[in-house]
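# Examination of the molecular architecture
Residues per chain are reported as follows:
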Amino acid sequence: MPSLRDEAKSLYDREVDPIVVSLFSGSYFLPEIQRLFSENIAAIRSRYGTDALYLIDDYQIHHVNEVGFSTFRCGVQNSCPQIVILAANLKLAFDQIAKSKSKDCLELFRLHVVVSLMHELDHLATGLVGNQGDPVREFENERLTWARTCENTMRLLVERYNKELYKSELAYYSTWVKCGRNPESEEWKEFIATLYSPQQK
């Protein structure tokens, strides 16, 4: 029976890596998403003087909040921006999406990958990173960064390209729309707090 590591690596090679490669090569099939990606890459290069380093983690399962699996992480080490791909969590997310009643689970997963990657790029592009051990700063970083990801990436996917989002992404986007697309609204703050408050760790 294949191990979680083997299954996660196979999924990454088959479904995730082609998305990352297409974005970096400028050939992603949704041109407005490609534009956002390229703008984030340019902003990261300008802010840090270098491109982000992409790493695949140790294939261990990481923290899960009530919305869903965190499948990417970012940070800055020695002035170098990094994005860590949580391959085991991606496999768990894939399995969860596969159990849904959607007609196209594979597209839902692929869009989850895009949204999750763009969210980490949003963190690095804006400098809203580096919150280890500071729950107040983490809350503020996530409040503002998820607002950016909702307004830019998810709004394009839903309103421009008529794409369906999986419930984990939809929870963010529907709350964002409901609160008037205002990161200062109490409803938005409360939603983010349920996911990133110290009690959720």
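For the structure given in this document, a descriptive report is provided here.

For any pair of aromatic rings, the description rests on two quantities: the centre-to-centre distance and the angle between the ring planes. A full pass over the atoms with the stated rule returns 8 aromatic pairs. Judged by centre distance (5.2 Å) and plane angle (90 degrees), the rings of Phe24 and Tyr54 are edge-to-face. With Phe24 in helix H1 (residues 4–25) and Tyr54 in strand E1 (residues 53–56), this pair connects stretches of sequence that are 30 residues apart. The exposure class of Tyr54 is partly exposed, given its relative accessible area of 24%. Centroid distance Trp188 to Phe191: 5.9 Å. Interplanar angle 35 degrees. Geometry classified as tilted. Taken together, the residues span about one helical turn, with Trp188 and Phe191 both in helix H7 (residues 186–196) at a distance of 3 residues. Accessibility expressed as a relative area gives 0% for Trp188, which makes it buried. Phe191 sits in the buried class, given a relative accessible area of 14%. One aromatic cluster in this structure is built from Trp146, Tyr172, Trp176, Trp188 and Phe191.

The next thing to look at is the packing of helix H5 (residues 135–160) against helix H6 (residues 167–178). Running from N to C, H5 and H6 cross one another at 100 degrees; their axes reach a closest spacing of 10 Å. Judged by the inter-axis angle, H5 sits roughly perpendicular to H6. Of the residues in H6, those in contact with Trp146, Ala147, Cys150, Glu151, Met154, Arg155, Val158 and Glu159 of H5 are Glu169, Tyr172, Tyr173 and Trp176. Counted by class, the contact of H5 with H6 contains 8 nonpolar, no polar and 4 charged residues.

Cut-off values and rules
Residues numbered from 1 in each chain as written. Predicted model: local features only at pLDDT ≥ 70, side-chain atom pairs only at ≥ 80, totals over all residues. Heavy atoms only, no water. Phe/Tyr/Trp six-rings, centres within 6.5 Å; stacked < 30°, edge-to-face > 60°. Helix = DSSP H or I, 4+ residues; strand = E, 2+ residues; numbered from the N terminus. Buried < 20%, exposed > 50% of the residue type's maximum accessible area, 1.4 Å probe, protein only. Axes fitted to C-alpha atoms, helices over the stretch in contact; angles between N-to-C directions. Parallel < 35°, antiparallel > 145°, perpendicular 65-115°, else oblique. Contact = heavy atoms within 4.5 Å. Nonpolar A, V, L, I, M, F, W, Y, C, P; charged D, E, K, R; others polar.

Everything listed here is a matter of geometry and, on its own, says nothing about what the molecule does.
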